[in-house]
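Spelled out, the chains give:
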Amino acid sequence: MDLPIDEQSGRRRRGLLIVLSSPSGAGKSTISRMLLESDSTITMSISATTRPIRPGEQDDVDYHFVSDAKFDAMIAAGDFVEWAPVFGHRYGTPKVPVKDALRDGRDILFDIDWQGTQQLHSAMGEDLVRIFLLPPSLAELERRLHQRGTDSGEVIGDRMSRAAGEISHWAEYDYVLVNSETESCLADVRAIVAAERLKRSRQAGLVTFVRDLVGTRGAA
Ligand code: 5GP
């Protein structure tokens, strides 16, 4: 099957699976939102979760909020490309949208933890680009969690105690960025995406392009 035409290069290429992981409070949601706003060819993967919906969240937009029984049924049906327990609840990435996006040559962004990233890497290998965001310091991470104003002191304490565990997986990622300043971190993420799209292995359309390029000379 022919791969779709890339809007930027006009040539055929494979879709990209972009994973963004970080401890909570390192700016992952902000960077994800800005990346999606700045590049309409990237789609966000919507995970299923058993955790309760939070104020301000929308079902089937932020997550597919499902019961434990439904999550069990989805696992049994093989609906997930990866799933993992995180903070006492289960989270999983539905398989079908990922397959569809790759088939259509679209890029997908995943906000998943290190466990999901490992599983996605085993399942999707070369289509995956793994980016980890670090906070400039743990003090700054705690300050951002307080500033966000969405969590109680107890929850913030819990997130801080988990942060070191999450950070310990930084070396499993292809790119590691220190998010000291949002705009420059976003610029770095966009540069990574641009370079990854240009990798020769992803530009399936180059073969015919180069054949056409040298074709007339070869025939002369
Ligand atoms: P939250 O409940 O705050 O939205 O997310 C908690 C954590 O779960 C975050 O670190 C997020 O990256 C992770 N997460 C969200 N969706 C998935 C998923 O589908 N799979 C995995 N493995 N982790 C997820």
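Bear in mind that the values here come from a model prediction, so they are computed numbers and not experimental data.

Enquirer: How would you sum up the site of the ligand? Please name residues and give values.
Expert: Every one of the 16 residues lining the ligand counts as a neighbour, but R51, Y63, E82, Y91 and D111 are closest to it. Note that an oxygen atom of the ligand is positioned 3.3 Å from one of the side-chain N or O atoms of K28. Contacts to the ligand include S47, whose side-chain N or O atom sits 2.7 Å from an oxygen atom. Protein coverage of the free-state accessible area of the ligand, which is 520 Å², stands at 92%. When contributions to the shell around the ligand are tallied by element, the ones reaching two or more residues are β5 (80-86) and β6 (89-94).

Enquirer: Got a sec to walk through the side chain of T93? Specific residues and values, please.
Expert: Mapping T93 onto the fold places it in strand β6. Here E82 takes part through its side chain, which lies 2.5 Å from a polar atom of the side chain of T93. Not counting the four nearest positions on each side in its chain, T93 is found in contact with S45, S47, D79, F80, V81, E82, V98, F110 and I112.

Enquirer: Give a description of the sheet that holds strand β4 (residues 64-65) that names residues and reports values.
Expert: Sheet strands associate in pairs through backbone hydrogen bonding, adopting either a parallel or an antiparallel arrangement. With mixed pairing, four strands are arranged side by side in an open sheet as β4-β3-β6-β5. Two strands lie at the open edges of the sheet, namely β4 and β5, each paired on one side alone. As defined by bridge partners, β5 adjoins β6 across six bridges and the pair is classed as antiparallel. When the bridges of β6 are listed, V86 appears paired with H89. Contacting β3 (48-49), β5 and β6, helix α2 (residues 68-76) runs over the sheet at an angle of about 40° to β6.

Enquirer: Run through the environment of L198, naming residues and quoting values.
Expert: Here L198 lies in the loop between α7 (182-197) and α8 (206-219). The spacing of L198 and S29 is 169 residues in sequence and 26 Å in space, taken between C-alpha atoms.

Enquirer: Talk me through the pairing of strand β8 (residues 128-134); I want residue IDs and the actual numbers.
Expert: Across the seven residues of β8, seven count as buried, placing the element largely inside the fold. Every second residue of β8 is oriented toward a common face, with L128, R130, F132 and L134 on one face and V129, I131 and L133 on the other, all of them buried. With five bridges connecting them, strand β1 (residues 17-21) and β8 associate as parallel partners. Bridged to I18 within β8 is V129. For β8 and strand β9 (residues 175-178), the ladder comprises four bridges, and the chain directions are parallel. Each bridged residue has a counterpart across the sheet, and for L134 the counterpart in β9 is V178.

The rules behind each value
Residues numbered from 1 in each chain as written. Predicted model: local features only at pLDDT ≥ 70, side-chain atom pairs only at ≥ 80, totals over all residues. Heavy atoms only, no water. Near = heavy atom within 4 Å. Polar contact = N/O pair within 3.5 Å; in protein donor to acceptor, adjacent residues only side chain to side chain. Areas by Shrake-Rupley, 256 points an atom, 1.4 Å probe, with all protein chains shown as cover. Helix = DSSP H or I, 4+ residues; strand = E, 2+ residues; numbered from the N terminus. Contact = heavy atoms within 4.5 Å. Pairing = 2+ DSSP bridges. Axes fitted to C-alpha atoms, helices over the stretch in contact; angles between N-to-C directions. Buried < 20%, exposed > 50% of the residue type's maximum accessible area, 1.4 Å probe, protein only.

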